[in-house]
There are 2 protein chains.
Amino acid sequence: MNKPKIVILGAGYGGIITATRLQKTLSANEAEITLVNKNSYHYQTTWLHENAAGTLHHDRTRLDIKDVINPSKINFIQDTVTEIKPEDKKVVLTHGELNYDYLVIGLGFESETFGIKGLKEHAFSIASINAARQIREHIDYSFSKYHNTPAEKRDELLTIIVGGAGFTGIEFVGELANRVPELCKEYDIDRDLVRIVCVEAAPMVLPGFDPELVDYAVSQLEKKGVEFKIGTAIKECTEEGIIVAKGEETEEIKSATVVWAAGVRGNALVEQAGFEAMRGRVKVTKDMRVPGYDDVFIVGDSALLIDEVNNRPYPPTAQIAIQQGFNVAHNLAVLVRGKGELEEFTPDIKGTVCSLGHDDAIGVVFGKKLTGWKASFMKKVIDNRYLFVLGGPMLVLKKGKLNLL
Amino acid sequence: MNKPKIVILGAGYGGIITATRLQKTLSANEAEITLVNKNSYHYQTTWLHENAAGTLHHDRTRLDIKDVINPSKINFIQDTVTEIKPEDKKVVLTHGELNYDYLVIGLGFESETFGIKGLKEHAFSIASINAARQIREHIDYSFSKYHNTPAEKRDELLTIIVGGAGFTGIEFVGELANRVPELCKEYDIDRDLVRIVCVEAAPMVLPGFDPELVDYAVSQLEKKGVEFKIGTAIKECTEEGIIVAKGEETEEIKSATVVWAAGVRGNALVEQAGFEAMRGRVKVTKDMRVPGYDDVFIVGDSALLIDEVNNRPYPPTAQIAIQQGFNVAHNLAVLVRGKGELEEFTPDIKGTVCSLGHDDAIGVVFGKKLTGWKASFMKKVIDNRYLFVLGGPMLVLKKGKLNLL
């Protein structure tokens, strides 16, 4: 009666979907499944920019793992992974060790600062519930200081700099543009004094997106008071703001709040495990395994997949991580039972929607370009669909975005 | 048709009551009345500790001056007073000057730090709406940092030190004790990690209060987790906390949040005007005028009145400031009309209630000792009565504490 041991590290999109699919597929006597996560909750990373801007409470973005995990099928351990030892088939946690027969790594992303001086020390990153609510409070606190600060030192309290005009950066400035009027009311501040500055080193906003949609996004955000500095690199981040360069010219922008949203990498533990990796991402096999380690799967941000159409890596999105969870759960069931067919993983990109605040968005869904309320509607449908897949209709009712328009 | 000019400086308790009483008594062609205040709003200073603790929103504590001032009777100028020139019968504002025939000074209190090193730089004072909401945000922000801060540096984020166990200090720790469980829930923090420390140099809590009531207060607050350090002086306040001394022994208490609630003084402008003053307080005549200046009245915190029963100054309370407003308005009407009787001011202390959070209090009302919900009820009745006097029943409905139990 030696049941195979499946250990899943991380309850992000990939990990939690793997776990919930496995508990649907396997009976308790087919495998011993353990899910490890450092928090007692799962959260939707793609909503964190709303928590950070203060437009959505973080309790709407997270859910108790025990609400979606059946304890008779899966052991949940709340602990932090400190080391993966693939040669010993072992995982080290802060408070113990686990042996596995099959390992699923879904440990998520880390912020990548590309060695830009001072970013690690002085900039925030929208990396977790803990980080997002600190950013929210930091902005509130900065505004609350305004009237108690000498005139020559206070304008920077109202300047928010967002590094990066990719997906996260744009969605975040969109929420900020909605949030700022509320902040101004709360702290008796003139809206015209507040700056939201989005700095992007690349020559365009949302690289890879349809240019017509990008133009729409920029124009809408500019109307809401967002300033764009495109083709402008952050050279340094200090306690007082950032130094940027465009060509030969450099400029200092003073700011109490710098949020770095321009780079992610895979988890450092993946490299430390001895797997061949680039920035914490392992180029996995077609069924999401680490080359040379048939018992180790990777889902989500630490898995590198090449899109054969353009020979470039797929972006590390929730959509793909969720699909990987389905795929890995299927293949694990096949391996545990010793019957059935292993399936290769192929992303099925149904669409991509980038929100511009709660009431506006741009996107391509099933090949169709959308802007405005239609795109915003689709974004919420996508968010709700995930909750439905994870926890059924009750979870949608409890945590979903039900105010669709 | 040379109407006498009455200028009222400050729209605190004393100033706003003087103004609203005058607009009731005098017709527009009897006097030209001007009210100067640096904000567009009036606020109840005695509620600020609730705003600072985060248990009551600051918009509940303030009201638009234009909602209680009749513009056909009183000119309201939003500006900051920078100098009072009694010899020239003139007041200098940031953006102009005003001449007066009669002046009423109601400029409120300033924090008095008694020269304790570092207090001015590193401690907060519950001095205004601006200050109170910054304290609220500072505490929230400190809690929000907890999970993102290394273990050896984070406990101080959850330690709140209140300097002073007088009225403000006790009422503030009472509100904090109510607020902390909510903060712990919001930021996923164990309540046992949070400290509320009340430090008082005097040998007792609430000096002057009935000892039986004081014992009740201390015991109730200790049950809610407040630590008292009585007979303990703050020697220094640093970026990292405070250094206290009890007898020969000194101790450092690390804390991200030090709130100084142990000393107030009158407004420095009163001294700078050349009036004889002690810590910004002028020992006024029996009808609230500055000795030697028959055209200058002082109401509220900058007026020093001696209680002839015990030969000690009356404390600078809202109750007394309000009564002074009535008195000064009456006497101004007499002076303007040149008929009627000037009245001496005599405080009529109806009672004193010190809250211990929203659901508990201690007090003496009409000579009767009260604790618990009865005292708490009376506190809210007193708060509502003030709003009634100021703006009638509609103001009570709009801003009052209607949840009496």
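Residues numbered from 1 in each chain as written. Chains lettered and ligands numbered in written order. Predicted model: local features only at pLDDT ≥ 70, side-chain atom pairs only at ≥ 80, totals over all residues. Heavy atoms only, no water.

With an unreviewed UniProt entry as reference, chain A is termed NADH dehydrogenase, source organism Gottfriedia solisilvae. Note on chain A: under the UniProt heading Sequence similarities (unreviewed entry), the record states "Belongs to the NADH dehydrogenase family." The UniProt entry for chain A carries the following comment under Cofactor (unreviewed entry): "FAD". (UniProt positions renumbered as here; feature names shortened; annotations may be inferred.)

Trainee: Outline the sheet that holds strand 27 (residues 368-371) of chain A, supporting the account with residue identities and numerical values.
Mentor: The strands that make up a sheet are held in pairs by hydrogen bonds between backbone atoms, and each pair lies either parallel or antiparallel. Residue and element names in this part refer to chain A. The 3 strands are arranged 25-26-27 in an open sheet whose pairing can be described as antiparallel. Edge positions in the sheet fall to strand 25 (351-355) and strand 27, since each of these pairs with one other strand and no more. Geometrically, the sheet is characterised by an average inter-axis angle of 10 degrees between neighbouring strands, direction not taken into account. Sheet topology places strand 26 (residues 361-365) next to strand 27; 4 bridges connect them, and they run antiparallel. Note that in strand 27 the partner of Val365 across the bridge is Lys368. In the packing of helix 7 (residues 211-223) onto the sheet, contacts are made with strand 26 and strand 27, and the angle to strand 26 comes to roughly 160 degrees. (Pairing = 2+ DSSP bridges. Helix = DSSP H or I, 4+ residues; strand = E, 2+ residues; numbered from the N terminus. Axes fitted to C-alpha atoms, helices over the stretch in contact; angles between N-to-C directions. Contact = heavy atoms within 4.5 Å.)

Trainee: Would you mind going over the state of the cysteines in detail, with residue names and values included?
Mentor: Tallying each qualifying case throughout the model produces 0 disulfides over all chains. Cys354 of chain A provides the cysteine sulfur closest to Cys198 of chain A, a residue in no disulfide bond, and the two sulfurs are 10 Å apart. Judged by its relative accessible area of 0%, Cys198 of chain A is buried. Cys198 of chain B supplies the cysteine sulfur nearest to Cys237 of chain B, a cysteine that is in no disulfide, at a spacing of 15 Å. Taking the relative accessible area as the measure of exposure, Cys237 of chain B reaches 2% and is therefore buried. (Disulfide = S-S within 2.5 Å. Buried < 20%, exposed > 50% of the residue type's maximum accessible area, 1.4 Å probe, protein only.)

Trainee: Go over the interface of chain B and chain A with me, naming the residues and quoting the values.
Mentor: With 22 residues of chain B in contact, the opposing surface of chain A contributes 22 residues. Connecting chain B to chain A are 6 salt bridges. For Arg133 of chain A, the salt bridge goes to Asp188 of chain B, with nearest N and O atoms at 2.9 Å. At the boundary of chain B with chain A, the tally comes to 24 residue pairs in polar contact (both at pLDDT 80 or more). Mapped onto the side of chain B that touches chain A, the elements with two or more residues apiece are helix 5 (129-145) and helix 6 (167-186) of chain B. In the side of chain B that touches chain A, the residues fall into 5 nonpolar, 8 polar and 9 charged. (Salt bridge = Lys/Arg side-chain N within 4 Å of Asp/Glu carboxyl O. Polar contact = N/O pair within 3.5 Å; in protein donor to acceptor, adjacent residues only side chain to side chain. Nonpolar A, V, L, I, M, F, W, Y, C, P; charged D, E, K, R; others polar.)

Trainee: Please provide a residue-by-residue account of the relation of the copies chain B and chain A, values included.
Mentor: Placing chain B over chain A gives an RMSD of 0.0 Å and needs a rotation angle of 180 degrees, together with 0.0 Å of translation along the axis. Taken together, the rotation and translation describe the operation of a two-fold axis. A share of 100% of interface residues in chain B that are also interface residues in chain A marks the association as one of identical surfaces. (Least-squares fit on C-alpha atoms with pLDDT ≥ 70 in both.)

Trainee: Go over the nonpolar core, please, and point to the residues and values.
Mentor: Grouped together as the largest cluster of nonpolar side chains are 93 residues, with contacts concentrated most on Phe143 of chain A together with Phe143 of chain B. The contact partners of Phe143 of chain B, leaving out residues within four places of it in the chain, are Leu157, Leu158, Ile160, Leu183, Cys184, Tyr187, Ile189 and Val194 of chain B. (Core = buried A, V, L, I, M, F, W, Y, C linked by side-chain atoms within 4.5 Å.)

Trainee: Quick one: what's the story with helix 7 (residues 211-223) of chain B, residue by residue and with numbers?
Mentor: Quick reminder: α-helices carry 3.6 residues per turn. Residues three or four places apart thus point the same way. Residue and element names in this part refer to chain B. With 13 residues, helix 7 should cover 18 Å at 1.5 Å per step; its first-to-last C-alpha distance of 18 Å lies within 8% of that length. Summarising the contacts, the buried residues of helix 7 are in contact with helix 6, strand 14 (226-230), strand 27 (361-365) and strand 28 (368-371). Its side-chain oxygen placed 2.9 Å from the backbone nitrogen of Glu212, Asp210 serves as the N-cap of helix 7. Positive phi shows up at Gly225, right after helix 7, with a value of about 100 degrees. (Expected span 1.5 Å × (residues − 1).)

Trainee: Tell me what's going on with the packing of aromatic side chains, and back it up with residues and numbers.
Mentor: Here a ring pair, both rings aromatic, is described through the centre-centre distance and the interplanar angle of the planes. Throughout the structure, instances matching the rule amount to 9 aromatic pairs over all chains. On the basis of an interplanar angle of 35 degrees and a centroid distance of 5.4 Å, the ring pair of Tyr141 of chain A and Tyr141 of chain B is categorised as tilted. Placement of the pair is Tyr141 of chain A in helix 5 (residues 129-145) and Tyr141 of chain B in helix 5, with the two residues belonging to separate chains. Consider the rings of Tyr41 of chain B and Tyr43 of chain B, whose centres lie 6.2 Å apart with planes at 50 degrees: the pair is tilted. Taken as a pair, Tyr41 of chain B and Tyr43 of chain B share a single burial class, namely buried. (Phe/Tyr/Trp six-rings, centres within 6.5 Å; stacked < 30°, edge-to-face > 60°.)

Trainee: Residue-level account of the UniProt feature "domain: FAD/NAD(P)-binding" (unreviewed entry) in chain A, with values.
Mentor: Mapped onto this structure's residue numbering, the UniProt feature "domain: FAD/NAD(P)-binding" (unreviewed entry) falls at residues 5-325 of chain A. Taken end to end, residues 5-325 of chain A is 28% helix and 30% strand, and its two terminal C-alpha atoms sit 17 Å from one another.

Trainee: Hey, could you go over the pattern of salt bridges for me, with residue numbers and the actual values?
Mentor: Summed over the entire model, instances satisfying the criterion amount to 58 salt bridges over all chains. Between Asp188 of chain B and Arg62 of chain A there is a salt bridge; the shortest N-O distance is 2.6 Å. In this pair, Asp188 of chain B sits in the loop between helix 6 and strand 13 (195-200) while Arg62 of chain A sits in strand 4 (residues 62-64), so the two residues belong to two different chains. Residue classification places Asp188 of chain B among the partly exposed positions, given a relative accessible area of 30%. Note that Arg136 of chain A is salt-bridged to Glu137 of chain A, the shortest N-O span being 3.0 Å. Just as Arg136 of chain A is buried, Glu137 of chain A falls in that class too. If you follow the salt bridges from partner to partner, you end up with Asp59, Arg62 and Arg133 of chain A together with Asp188 of chain B in one network.

Trainee: Got a sec to walk through helix 10 (residues 372-399) of chain B? Specific residues and values, please.
Mentor: Taking 1.5 Å as the rise per residue, helix 10 of chain B with 28 residues should run 40 Å; its terminal C-alpha atoms sit only 24 Å apart, a clear shortfall. The sharpest bend along helix 10 of chain B measures roughly 135 degrees and falls at Gly391 of chain B, with the proline Pro393 of chain B sitting one to four residues further on. (Bend = angle between axes of the 7 residues up to and from the residue.)

Trainee: Quick one: what's the story with the pairing of strand 11 (residues 159-163) of chain A, residue by residue and with numbers?
Mentor: All names here are of chain A. Burial of strand 11 is extensive: 5 of the 5 residues sit out of reach of the surface. Residues Thr159, Ile161 and Gly163 point to one face of strand 11 and Ile160 and Val162 to the other, with burial holding for every one of them. Both strand 11 and strand 12 (residues 195-200) contribute to a ladder of 5 bridges, which runs parallel. Bridge pairing in strand 12 places Ile161 opposite Val197. Handedness of the crossover joining strand 11 and strand 12 through helix 6 (residues 167-186): right-handed. The pairing of strand 11 with strand 17 (residues 257-260) spans 4 bridges and is parallel. Its bridge partner lying in strand 17, Val162 is registered against Val259. (Right-handed = clockwise from strand over helix to strand, strands pointing away.)

Trainee: Before we move on, can you summarise a nonpolar patch on the surface with the specific residues and values?
Mentor: Taken together, Met394, Leu397 and Leu402 of chain A make up a surface patch of nonpolar side chains, about 340 Å² in accessible area. If you trace the backbone, Leu397 of chain A turns up in helix 10 (residues 372-399). (Patch = residues over 30% accessible without salt bridge, like charges linked within 9 Å, V, L, I, M, F, W, Y side chains within 5 Å. Areas by Shrake-Rupley, 256 points an atom, 1.4 Å probe, with all protein chains shown as cover.)

Trainee: Could you give an account of the environment of Arg289 of chain A, naming the residues involved and the relevant values?
Mentor: Looking at the secondary structure, you find Arg289 of chain A in strand 20 (residues 289-290). Setting aside chain neighbours within four positions, we find Arg289 of chain A in contact with Val284, Asp294, Val296, Phe297, Leu335 and Leu342 of chain A.

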